[in-house]
Amino acid sequence: MTNDNIPRDFIRKFIDDDLATGKHTEIVTRFPPEPNGYLHIGHAKSICLNFGIAKEFPAARCHLRFDDTNPIKEEQEYIDAIQADVKWLGFDWGQHLYYASDYFEKIYQFAEHLIKNGQAFVCDLTAEEMREYRGTLTEPGKNSPYRNRTVEENLDLFRRMRAGEFPEGVRVLRAKIDMTSGNVNLRDPVLYRVMHTSHPRTGNAWCIYPMYDYTHPISDALEGITHSLCTLEFEDHRPLYDWTCDNLPVPCHPRQIEFARLNLSYTVVSKRKLLRLVKEGKVSGWDDPRMPTLSGIRRRGFTPAALRDFCERIGIAKKDSIVDVELLEHCLREDLNESAARVMGVLEPLKVVISNYPEGTEEELTAQNHPKNPEMGSRQISFGRELYIERGDFMAEPAKKFFRLAPGREVRLRYAYIIKCEEVITNAAGEIVELRCSYDPATRGGDTPDGRKIKGTIHWVSAKHALPVEVRLYDRLFRQPDPESEGDFMDCLNPDSLLVLDQTLVEPALAAARPGVSYQFERQGYFCLDSRDSRPDHLVFNRTVTLRDTWAKVSGQE
RNA sequence: UGGGGGAUGGUCUAACGGUAAGACAGCAGACUCUGACUCUGCCUAUCGGGGUUCGAAUCCCUGUUCCCCAGCCA
C-alpha cells in the first residue's frame, strides 16, 4: 500500500478516499511546466508532490507535459533543461512525455464543437475594448456586440482564423459563459488568439494558439489525469476548468486541486524576478550557484536527496507560507554529513614553521575519510616542517572561550601532532605573517599518550604538498527574510553573497575532484568542484553550505 | 454583500468533538582528534468575541485580518 512515512496531506487524503470509494483504481498526476524558463526550487515542490504520489501509490503514474501554448515565450532549450532537472531530482516519467502542442488538432476540433453548440463565438473587439467590456472586480461586464453571431458565421470566421486570413489582435475565439459572473474568469474568456509565430515543436503549422485555461483541462482529460494539482492562484480558474470538461466530449473529468506554492526566506522564487537578477547582471546566469534554480543549486552542490527530503518536510497545505531557508540547509547538511568524504583545506592560510621538526624531512600520516563511516577508508597525508593553518585558528590575544592556537598555547593538528606556538612573526605593518611552533613527537597521529586533554583541533595542509585552488563562498542573496514584500526586492540584495578566495590551499588529493561530488572541508563546510569554471590547472570549488558554527555565534555576540 | 481562498509556538506541518504532536530555529548541558555529528533537557501556539457540548483547534454565529483575481500569460 502507501508509504506510511509520507505525511498524509489533504491531497493524499483525497486520493486515499477516491481509491477507497472506488472512484479511481489508478492514479494519474502530471507535472506541467511551460518551457519558458528554468525550473526553480518552487517547481521542485510540485515535482516531488506529483511524482511522489506516482511512486507511493500502487497503480499510479505521473506525466511530464510541456504546456507549450504560447510560442513567443517558449524555446527548445528550456524543454531540454527542464527534462534534465526533473531527472536530476530523481524522477522518471517513463514513456509519459507529452506536449500540449501534440493535442492542437484535437483542441481545435473541440473548439468547433463549442461553436456548433453555441458555446463559443468569434469576437472582433480589440484588446482594449475587451478590457472595457469585461467590467471590473465589483462591476459586471457587458456582452460583446459580436456575441450573437450565428454558428455558421462563427465557424467560418474561426476556420479563416486558422487559415491565417487575419492579423494578430483583430479576432479571438471566446467562450460564451456569463459576463456578469463575479468570477472574472467566467466573463466570456478567450479560448484562441491569433499568433503568426513559429512554434518550437509545431513550426508554422498553426497561426492560432489555444489559451491555458482551455488547453489545460483538455490535455489533462486526454491523458486520463485523475488529479490535476496546481497552485492557489488557479483556484479561481477551476470553474472554467470544470466548464470546459463538462461541455466537451472529453474522456474524463480530472479533479483540479490547489495547494500553496513554496516561498523561501531570504530568496525570491518567481521566474520574473529571477529573470531580472539575470538580466541586470546581479548574478552570472540562471545557473549562478546563488540562484534558487535547480541548475543553480545543482552547481552549488545541493543534492537531489536533500531536496526531496526538504520537499517532504515542508508539507502540502493551502496556507500561504514562507519556509525558513535554514530547514533547507539542515536537510542538506544531514545528507552531506552522511555521504561527503572529509578532506582538509585552508581557506585563508597562515604559515606555520615547526622549529623542532628536522629540516628536509617529511612523513605520511593516516587520515580517516569519514570518522563515522570506516568503510569509506582512509588516506595518507603529507606532513612537513612548513605548514599552513587557518588564519582564524590563531589569535594573538585569545578571546575568552577561544581554545585554538595562541602564543604559548597548544593545539592539535588534525591526524598529526600537538603543536605549541612559540613565536609570532609580524611584518613591518604589524601583520602576523608566520608562526613558529614546536611539536611533540610523542603525539604522532594526534594522540596524547600522557592522557593530556587538548581542547582544540585544527585543520592544516603541508606547504610543500598543498594544492592552490580558488574557492567561492556563497551567502544568501538577500538581506531580508522576505525580499518580495518590502518595496523593490532588488534593494535588499546582499552585497556579500559571493566571496572569492584565491589563496586557498587544499590537500593534493583534491586534484581528482569531479563535479557533482561533495567534500567536507573539515571544520569549514561542504564543497564541490564548480562545473562551469573549474579547469585542471585552476580548480574552482563552490561552498555548498557551511558547517553549523556554534563558535561563530558565541564569538559574534561578544 | 464583487468572486475565490487562508489564519495552530519565531518558521513549516499534524491533530478533524476527547491529554494540542513533530520538524526547523532558539536556549542550556553532555560528548567529541571537526566548536561538526550525536545525545539530553528547556522555551514558545489554536486570530478575537459569542454560542452548542460533560468536553471545541475541530461544529454554529459574528467580527478581524492576510492572500489571489479585471493578459489575446501560464
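Residues numbered from 1 in each chain as written. Chains lettered and ligands numbered in written order. Predicted model: local features only at pLDDT ≥ 70, side-chain atom pairs only at ≥ 80, totals over all residues. Heavy atoms only, no water.

**Observations concerning the protein's contact with RNA strand B**
- Near RNA strand B there are 69 residues, and of these Lys13, Arg342, Lys372, Arg404 and Gly445 occur at the shortest range.
- At a separation of 2.9 Å, a base nitrogen of RNA strand B approaches a polar backbone atom of glycine 446.
- Between RNA strand B and the protein, one listed contact pairs a phosphate oxygen with a side-chain N or O atom of arginine 523 at 2.6 Å.
- At the level of secondary structure, the elements contributing two or more residues to the surface near RNA strand B comprise α5 (127–134), β6 (190–194), α11 (304–314), α12 (325–339) and α13 (550–557).
- For the surface near RNA strand B, the class distribution of residues is 22 nonpolar, 18 polar and 29 charged. (Near = heavy atom within 4 Å. Polar contact = N/O pair within 3.5 Å; in protein donor to acceptor, adjacent residues only side chain to side chain. Helix = DSSP H or I, 4+ residues; strand = E, 2+ residues; numbered from the N terminus. Nonpolar A, V, L, I, M, F, W, Y, C, P; charged D, E, K, R; others polar.)

**Describing the domain arrangement of chain A**
- On domain assignment, one finds that chain A holds domain 1 (10–259), domain 2 (271–342 + 469–554) and domain 3 (345–458).
- Distance between the C-alpha centres of domain 1 and domain 2: 35 Å.
- Listed per partner, the contact involves 25 residues of domain 1 and 22 residues of domain 2.
- Summed over both sides, the interface between domain 1 and domain 2 buries roughly 2,100 Å², with carbon and sulfur atoms accounting for 72% of that surface.
- At the junction of domain 1 with domain 2, the criterion picks out 3 salt bridges. (Domains from an automatic or database assignment. Contact = heavy atoms within 4.5 Å. Buried area = accessible area lost by both parts, 1.4 Å probe. Salt bridge = Lys/Arg side-chain N within 4 Å of Asp/Glu carboxyl O.)

**Digging into the packing of helix α2 (residues 41–56) against α11**
- Their axes nearest at 9 Å, the elements α2 and α11 cross at an angle of 75°. Here α11 runs roughly perpendicular to α2, going by the angle between their axes. Contacts from Ile41, Ala44, Lys45 and Cys48 of α2 reach α11 at Leu307, Arg308, Phe310, Cys311 and Ile314.
- Along the lines of polarity and charge, the residues of the contact of α2 with α11 split into 7 nonpolar, no polar and 2 charged. (Axes fitted to C-alpha atoms, helices over the stretch in contact; angles between N-to-C directions. Parallel < 35°, antiparallel > 145°, perpendicular 65-115°, else oblique.)

**Describing the pattern of salt bridges**
- Counting across every chain of the model gives 49 salt bridges.
- The partner of arginine 476 in a salt bridge is glutamate 329, and the shortest N-O contact between them spans 3.9 Å. Pair noted here: arginine 476 is in the loop between β21 (467–474) and β22 (498–506) and glutamate 329 is in helix α12, with a separation of 147 residues, a long-range link.
- Classification of glutamate 329 by relative accessible area gives partly exposed; the value is 21%.
- The residue aspartate 393 makes a salt bridge to arginine 523 at a minimum N-O spacing of 2.3 Å. Remark: arginine 523 occurs in the loop between β23 (518–521) and β24 (525–529) and aspartate 393 occurs in the loop between β15 (386–390) and β16 (410–413); sequence separation between them is 130 residues.
- You can call aspartate 393 buried: its relative accessible area is 2%.
- Bridged by salt links that share partners, the residues Asp287, Arg299, Glu470, Arg472, Asp530, Arg532 and Asp533 form one connected network. (Buried < 20%, exposed > 50% of the residue type's maximum accessible area, 1.4 Å probe, protein only.)

**Topic: the packing of helix α7 (residues 212–223) against helix α8 (residues 238–247)**
- Running from N to C, α7 and α8 point in directions that differ by 55°, and their axes come no closer than 9 Å. By the criterion of interaxial angle, the relationship of α7 to α8 is oblique. Both α7 and α8 take part in a crossing whose hand is right-handed. From α7, Asp213, Tyr214, His216, Pro217, Ile218 and Asp220 reach across to α8, where they touch Leu240, Tyr241, Thr244 and Cys245. (Left-handed = near helix turned anticlockwise from the far one by under 90°.)

**Let's talk about unusual backbone geometry**
- The phi dihedral of aspartate 188 falls on the positive side, at around 45°, and the residue is not glycine.
- Inspection of the secondary structure puts aspartate 188 in the loop between β5 (172–175) and β6.
- Taking relative accessible area as the criterion, aspartate 188 reaches 1% and is therefore assigned buried.
- Located in the positive-phi region is tyrosine 266, a residue other than glycine, with phi close to 65°.
- Mapping tyrosine 266 onto the fold places it in the loop between β9 (255–259) and α9 (271–279).

**Focus on the sheet that holds strand β4 (residues 120–123)**
- Taken in spatial order, the 4 strands make up an open sheet running β4-β5-β6-β7, and their pairing is antiparallel. Here the strands that pair on one side only, and so sit at the sheet edges, are β4 and β7 (208–210). Here the average twist between neighbouring strands, direction ignored, is 20°.
- Both β4 and β5 contribute to a ladder of 4 bridges, which runs antiparallel. (Pairing = 2+ DSSP bridges.)

**Some points on the environment of phenylalanine 403**
- Structurally, the position occupied by phenylalanine 403 is in the loop between β15 and β16.
- Residue class for phenylalanine 403 comes out partly exposed when judged on its relative accessible area of 40%.
- When the C-alpha positions of phenylalanine 403 and glycine 456 are compared, they lie 5.5 Å apart, and in sequence the two are 53 residues distant.
- Excluding residues that lie within four positions of it along the chain, phenylalanine 403 makes contacts with Arg409, Lys455 and Gly456.

**Description of the environment of proline 449**
- By the element assignment, proline 449 lies in the loop between β18 (432–440) and β19 (457–458).
- Residue class for proline 449 comes out exposed when judged on its relative accessible area of 62%.
- Beyond its immediate stretch of four places on either side in the chain, proline 449 contacts Ala442 and Thr443.

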